[in-house]
Amino acid sequence: MKRLLAVLATILTLHSDVASSESGYHEAVFKSVRRADRECSIFLRDGTCGKDDCSVRCRGLVTRFWNDSVGVPAVTIDRFYKPAHDDYEYYDLTEQCVGEVVAAVPCTDVCGRADSTVQCYNDQYGKLDKKNPKFVPFTKLQHRRILRECAAMLGISRERLYLFRKNGVEYYQDAKCLLRCFMLREGLYTDEDGPHFKRMSLQCEGNYNDGAYRSKAKSCISICRINIWTAAVWRTG
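Residues numbered from 1 in each chain as written. Predicted model: local features only at pLDDT ≥ 70, side-chain atom pairs only at ≥ 80, totals over all residues. Heavy atoms only, no water.

Taken directly from UniProt, the Sequence similarities (unreviewed entry) text for the protein chain runs: "Belongs to the PBP/GOBP family." Per UniProt, the protein chain has the following entry under Subcellular location (unreviewed entry): "Secreted". (UniProt positions renumbered as here; feature names shortened; annotations may be inferred.)

A.B. asks: Looking at this model, I keep getting lost on the side chain of Ser 32. Mind explaining?
C.D. replies: Looking at the element boundaries, Ser 32 is found in the loop between strand 1 (29-31) and helix 2 (33-43). Separated by 3.1 Å, the side chain of Ser 32 and the backbone nitrogen of Arg 35 make a polar contact. In this structure, Ser 32 is in contact with Lys 130, Lys 131, Asn 132, Pro 133 and Lys 134, ignoring residues within four places of it in sequence. (Helix = DSSP H or I, 4+ residues; strand = E, 2+ residues; numbered from the N terminus. Polar contact = N/O pair within 3.5 Å; in protein donor to acceptor, adjacent residues only side chain to side chain. Contact = heavy atoms within 4.5 Å.)

A.B. asks: I keep staring at unusual backbone geometry and nothing clicks. Help me out?
C.D. replies: Backbone phi values are negative for most residues with the exception of glycine, while trans is the configuration of most peptide bonds. Positive phi outside glycine occurs at Arg 64, with the angle close to 65°. With respect to the helices and strands, Arg 64 occurs in the loop between helix 3 (55-63) and strand 2 (81-82). Residue Arg 64 is classed as partly exposed on the basis of its relative accessible area, which comes to 31%. (Buried < 20%, exposed > 50% of the residue type's maximum accessible area, 1.4 Å probe, protein only.)

A.B. asks: Mind showing me how you'd approach the pattern of salt bridges here?
C.D. replies: Pairs may arise between side chains of opposite charge once their charged atoms sit close together. All chains considered together, the criterion is met by 11 salt bridges. One salt bridge in this structure joins Arg 160 and Asp 174, with 2.7 Å as the shortest N-O distance. Separated by 14 residues along the polypeptide, Arg 160 in helix 7 (residues 158-167) and Asp 174 in helix 8 (residues 173-185) bring together distant segments of the chain. Judged by relative accessible area, which is 23%, Asp 174 ranks as partly exposed. (Salt bridge = Lys/Arg side-chain N within 4 Å of Asp/Glu carboxyl O.)

A.B. asks: Just checking my understanding: could you explain helix 8 for this structure?
C.D. replies: For an α-helix, 3.6 residues make a turn, and residues three or four places apart therefore share a direction. Across its 13 residues, helix 8 extends 18 Å between first and last C-alpha, which sits within 8% of the 18 Å expected from 1.5 Å per residue. With respect to burial, helix 8 is a largely interior element, 10 of its 13 residues being buried. When helix 8 is considered as a whole, its buried residues turn out to be Ala 175, Lys 176, Leu 178, Leu 179, Arg 180, Cys 181, Phe 182, Met 183, Leu 184 and Arg 185. Where helix 8 ends, the next residue or the one after it, Gly 187, has phi of about 70°, a positive value. (Expected span 1.5 Å × (residues − 1).)

A.B. asks: I'm lost on the nonpolar core in this one. Help?
C.D. replies: Soluble globular proteins: nonpolar side chains tend toward being buried together. Core analysis: the largest hydrophobic core is formed by 23 residues, its most contacted members being Phe 135, Phe 164, Leu 178 and Met 183. Elements represented by at least two residues in this core include exactly helix 6 (140-154), helix 7, helix 8 and helix 9 (197-203). The dominant element in this core, judged by the number of residues it contributes, is helix 8, at 7 residues. In terms of nonpolar packing, the next biggest core, distinct from the first, is built from 16 residues, Val 56, Phe 65, Trp 66 and Tyr 125 among them. (Core = buried A, V, L, I, M, F, W, Y, C linked by side-chain atoms within 4.5 Å.)

A.B. asks: Hey, could you run me through the environment of Arg 160 in this one?
C.D. replies: With relative accessibility at 29%, the residue Arg 160 sits in the partly exposed group. C-alpha of Arg 160 to C-alpha of Tyr 172: the two residues are 12 residues apart in sequence and 9.9 Å apart in space. When residues no more than four places from it in sequence are discounted, the contact partners of Arg 160 are Tyr 172 and Asp 174.

A.B. asks: Whenever I open this one, the state of the cysteines confuses me. Can you help?
C.D. replies: Here a disulfide denotes one covalent bond, and it connects the sulfur atoms of two cysteines. If you walk through the whole model with that rule in mind, you get 4 disulfides. Covalent S-S linkage joins Cys 54 and Cys 111, the inter-sulfur distance amounting to 1.5 Å. On the sign convention where negative is left-handed, the bridge of Cys 54 and Cys 111, at about 70° about the S-S bond, is right-handed. Within this pair, whereas Cys 54 is found in the loop between helix 2 and helix 3, its partner Cys 111 is found in helix 5 (residues 110-125), the two being separated by 57 residues in sequence. Each member of the pair, Cys 54 as well as Cys 111, carries the same accessibility label: buried. Between Cys 97 and Cys 120 runs a disulfide, and the two sulfur atoms are separated by 2.0 Å. In this structure, the disulfide formed by Cys 97 and Cys 120 twists by about -70° around the S-S bond and is classed as left-handed. A residue pair is termed long-range when its members are at least 10 positions apart, and Cys 97 in helix 4 (residues 90-104) and Cys 120 in helix 5 qualify at 23 residues. (Disulfide = S-S within 2.5 Å.)

Listed below in structure tokens is the structure:
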């Protein structure tokens, strides 16, 4: 982990004359369960639009802990729950409950799957925090838009991006600026505090306290490498 953090810190290190971010939020979005549910009540018109009662699934889509193709909540759903201090079995009990739901409810019933699996978290994981807004991870499409905009703002050409990809990000100041712009705008980094690892963990669909965080963080950071950025920035022309 220390080596991983050192690599990221090195990439994000800039000269001292670079202006600091004022808010640290920029494009980042934070939503509470209550806000997500209010939005869903508008989208679904309190159940009169869409099929069946899909309000819980809608909440998961809005806050991005649900994907129909997976059929179970992402581990990032835990940001909305607070386990009891003396409960040492909440995780295993939740996993057991989710497994039973998966065995009983077909994957084609996406609304039923969402209702039942999220209920497992309500019953077993901890107290649901409906009030406090939490970071909402970005989609791949949003990543691409932000990268294109950063490249345009910094005046970085396609040829320059190919040079970064060929020789490495660490050798070019404007490559570091591109990475800094991307991280700043996604609310994942500030000059004052450095990388925001809890938000990065959510973006990587990992648990900040999970033993697998190292590998998940590596995977997430690799998204920020210029060889992937090149395709993302120029894919849509």
